[in-house]
There are 2 protein chains.
Amino acid sequence: MESRVAIIGSGNWGSAISKIVGSNTKDSDVFESTVKMWVYEEIIDGKKLTDIINEQHENTKYLPNHKLPDNIVAIPDCVEAAKGADILVFVLPHQFVYRICEELKPVVRRGCHAISLIKGVDFRGKELSLFSEEIERILGIPCAALSGANIAIEVADEQFSEATIACRRIQEEGPIFQALFHAPYFDVRVIGDISGLQVCGALKNVIALGAGFVDGLGLGDNTKAAVLRQGLLEMRLFGKTFFGGVHTETFFESCGVADLITTCSGGRNARVARTFIQTSDSKTMDELERELLNGQKLQGTTTAKEVYQFLQLQKKLDRFPLLVAIYRIVYEVAPPRSIINCLRTRQTFD
Amino acid sequence: MESRVAIIGSGNWGSAISKIVGSNTKDSDVFESTVKMWVYEEIIDGKKLTDIINEQHENTKYLPNHKLPDNIVAIPDCVEAAKGADILVFVLPHQFVYRICEELKPVVRRGCHAISLIKGVDFRGKELSLFSEEIERILGIPCAALSGANIAIEVADEQFSEATIACRRIQEEGPIFQALFHAPYFDVRVIGDISGLQVCGALKNVIALGAGFVDGLGLGDNTKAAVLRQGLLEMRLFGKTFFGGVHTETFFESCGVADLITTCSGGRNARVARTFIQTSDSKTMDELERELLNGQKLQGTTTAKEVYQFLQLQKKLDRFPLLVAIYRIVYEVAPPRSIINCLRTRQTFD
């Protein structure tokens, strides 16, 4: 029997990924062609966004000028969208995860598989959890995760990208997720390290702030590369310290070093951080976020604070000098050049 | 007794590093203050380059507008420069290594230590050797190596950089080399993997050509990150396949991922490769090298050919798809977009 797929979320990344998913389910032997996509209803120029998507096959608000496949059907009610699905693709802002999962709980079928495209890790004081784990816990189904060097607009433009999917049972789930997400311009590799993949997705945004500071200070490529390198090491240390099963190999995947590089050169966290320095700290990061991003959120600043508070409670601040330095530049008026101090190795030989 | 240091070579990188070395030996308890630097004699505006350096303390040809410490003494005769040295710093174009080492052989003292800042690996058909090994073999002394995310002009400008030194006996040699090269703006870490460090230094220039092609094609940050990632993997595979003792950790050092990032964004290999695409292949890479680099050489193209021929003899071309694709674009008129094909994972589940 063909599997039914539903996409929960329809922002910029959700719309870009729906192009691939819709194309892969159309005329497929393994998937039902129609993919229901939950769209948070908004009125755009007097018209419902769901109607616009279903009539024009375009998400004019979040991914303008890109046609979505006509087998993607926008649904304003998330329960309605998810009902009967065999595969649930979660691609929504992380603050909605709990509410939506609670709503979906009664209709999720046993045997359903989920996959999380949500960036971030959930920090609650001393507790730390992955969104894939929260989805698993609430819905009682296995949840994989997808992440990679995937600037959404480039994926929508069908520029070649790699991506990484992590799931527990590679042999069983790997081929299904590959069939759903792989495209000639979206090259998917499947690995087993769900925690490492999501740690990378969360922390890269913080490191990108550091890369933006270096750019803003005019410090050159050597210094910027040092920030990325230290960032990669702290991402790995964070994963290995606080999660089981995190592998060094994960950091060689698209979700690791590649996504870090992309996020530190083209992403919005790096861009706003650069502007923060260039305006000589006359505005806070929060003010710049509002001015520059037109309602979009900077995940890096929120994550920087959550990570800092978590590390403080864990008494591990000294192990993560770059993450701490970035936090202090954003929130404690530390001089931006202080980022260099955290890069010093102080290697001793004894 | 204080150690006497000599620098063999005085190009752009040699001059930049002489700033650090001269500053570290001055008023030192462990090094003699005076550092002799072998300078290949040239006449600049009617004056000898060695005289210019010794009088103006500036290498006006290869590192203009940067003062060298006055304890750096330019010597036109390499034997004279090296005589009596306890530490020999080799920083010269790799084509000179054999001739200079043969000349120095009679005067190198037993107990002398060498360190190679030479980028590259020496390919001779099916044979492959590291320049540090060649120096060891000819001179009969141990040779360490230094590499990292070190664009020379940024180091000369005292922008913060990291660097990696690899040597066999970390406990004994590490502190000496750290004392000689470490500076507040040049942060040195010492590791044991001499082969891995030098493989990175050689192959990064080839990968940078690939990054330049992607830029020239306007392919976006996701694609570029995929090239860097695949490049990092092939660098590691190359090291592990053809050398003993190459560690994954080396690729997390400045000589690994950081140098790759720097070289792929700011270096001349990436720049010329980008122009190669933008001029629609109407000129060869060799022609562009002559036009754009004012006599400097592109190591990436030479290394690409040597690596290809070596892999062909080793019957291992299929394991290194990116290195092969870059070679074919440069030398076999392969379409530049063919670089994307080599990034496809073709993962199967069985």
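All values reported here derive from a predicted model rather than from experimental measurement.

With respect to the side chain of A:Thr50
Inference 1: Within the fold, A:Thr50 resides in helix α2 (residues 49-56).
Inference 2: Setting aside residues no more than four positions away along its own chain, A:Thr50 makes contact with A:Val39, A:Glu41, A:Ala74, A:Ile75 and A:Pro76.

Quick notes on the interface of chain A and chain B
Inference 1: Between chain A and chain B, the residue contacts involve 52 residues of the former and 51 residues of the latter.
Inference 2: For the pair chain A and chain B, the two sides together bury roughly 4400 Å², of which 52% comes from carbon and sulfur.
Inference 3: Applying the counting criterion to the chain A and chain B interface returns six salt bridges.
Inference 4: Its salt-bridge partner being A:Glu249, residue B:Arg236 comes within 2.7 Å of it at the nearest N-O pair.

Structural notes on helix α9 (residues 220-242) of chain A
Inference 1: Under the 1.5 Å per step criterion, the end-to-end length of α9(A) is 33 Å for 23 residues, consistent within 8% with the ideal 33 Å.
Inference 2: Buried residues dominate α9(A), accounting for 17 of its 23 residues.

Here we look at empty space enclosed by the protein
Residues and elements named next belong to chain A.
Inference 1: Within the structure shown, the criterion is met by three cavities of 30 Å³ or more.
Inference 2: What the largest cavity holds in volume is close to 50 Å³.
Inference 3: Contributions of two or more residues to the lining of the largest cavity are made by β10 (143-147) and α8 (194-216).
Inference 4: In terms of residues, the lining of the largest cavity owes the most to one element, α8, which gives four residues.
Inference 5: A class-by-class count of the residues in the lining of the largest cavity yields five nonpolar, five polar and one charged.

Examining the pairing of strand β8 (residues 121-124) of chain B
All names here are of chain B.
Inference 1: Judged from the four bridges that link them, β8 and strand β9 (residues 127-130) form a sheet pairing that is antiparallel. Looking across to β9, one finds that Asp122 is bridged to Ser129.
Inference 2: If you look at the hairpin formed by β8 and β9, you'll find two residues sitting between the two strands, and Gly125 has a positive phi there, around 65°.

Topic: the packing of aromatic side chains
Inference 1: Scanning the entire structure with this criterion turns up 25 aromatic pairs over all chains.
Inference 2: With a centroid separation of 5.9 Å and 70° between ring planes, the pair formed by B:Phe238 and B:Phe320 is classed as edge-to-face. Linking B:Phe238 in helix α9 (residues 220-242) with B:Phe320 in the loop between α13 (299-313) and α14 (321-331), this pair joins segments that are 82 residues apart in sequence.
Inference 3: In this structure B:Phe320 comes out as buried when scored by relative accessible area, which is 0%.
Inference 4: Taken together through their ring pairs, the aromatic side chains of A:Phe123, A:Phe238, A:Phe242, A:Phe310 and A:Phe320 make up a single cluster.
Inference 5: The ring of A:Phe252 is capped by B:Arg236, whose NZ or CZ atom sits 4.2 Å from the centre of that ring.

Regarding the relation of the copies chain A and chain B
Inference 1: Between the two copies, chain A and chain B, the superposition gives an RMSD of 0.0 Å; the rotation angle is 180° and the shift along the axis is 0.0 Å. In the structure described here, the two chain copies are related by an operation that fits a two-fold rotation axis.
Inference 2: An overlap of 98% is found between the interface residues of chain A and their copies at the interface of chain B, pointing to a shared contact surface.

Section: the UniProt feature "active site" (unreviewed entry) in chain A
All names here are of chain A.
Inference 1: Taking the UniProt record as the reference, the feature "active site" (unreviewed entry) is found at Lys204.
Inference 2: Relative to the helices and strands, Lys204 is located in helix α8.
Inference 3: Those residues in contact with Lys204, other than ones at most four positions away along the chain, are Lys119, Met235, Asp259, Leu260 and Thr263.

Calculation criteria
Each chain carries its own residue numbering, running from 1 in the direction its sequence is written. Numbering of ligands from 1 and lettering of chains from A proceed in the order in which they are written. Only residues with pLDDT of 70 or above have their local features reported here, since the model is predicted, and side-chain atom pairs are shown and tallied only from 80 upward, although totals for entire chains, interfaces and linings are computed over all residues. Derived side-chain values reflect all non-hydrogen atoms in the structure, with water molecules and hydrogen atoms excluded from consideration. Strands are runs of DSSP state E lasting at least 2 residues, helices are runs of H or I lasting at least 4, and numbering of each runs from the N terminus. Residues count as neighbours in contact if any of their non-hydrogen atoms are within 4.5 Å of one another. Buried area adds together the accessible area that both of two parts lose upon being put together, with accessible area traced by a 1.4 Å probe. When a carboxyl oxygen of Asp or Glu is within 4 Å of a side-chain nitrogen of Lys or Arg, the pair counts as a salt bridge. Every helix has an expected span of 1.5 Å times one less than the residues it contains. The classification of residues rests on relative accessible area computed with a 1.4 Å probe and restricted to protein chains. Under 20% of the type maximum is buried, over 50% is exposed, and intermediate values are partly exposed. Points on a 1 Å grid over protein atoms alone make up a cavity when a 1.4 Å probe fits among them but cannot get out, and a pocket when they form an open set with protein on both sides within 12 Å along at least five of seven lines; lining residues each have an atom within 4 Å of a point. Grid points are joined across faces, edges and corners, and a volume is the space filled by probe spheres set on the points. Any residue outside Ala, Val, Leu, Ile, Met, Phe, Trp, Tyr, Cys, Pro, Asp, Glu, Lys and Arg is labelled polar, Gly included; the first ten of those are nonpolar and the last four are charged. Two strands qualify as a pair provided DSSP detects at least 2 bridges between them. Classification of ring pairs uses Phe, Tyr and Trp, with its six-membered ring standing for Trp, and accepts pairs whose centres are within 6.5 Å; under 30 degrees between planes counts as stacked, over 60 as edge-to-face, and the remaining range as tilted. Only lysine NZ and arginine CZ atoms are considered, and such an atom sits over a ring when it is within 6 Å of the ring centre and within 35 degrees of the ring normal. The atoms used to superpose the copies are C-alpha atoms, taken from residues with pLDDT of at least 70 in both, and the fit is least squares. UniProt positions are given in the numbering used here, feature names are shortened, and annotations may be inferred rather than shown by experiment.

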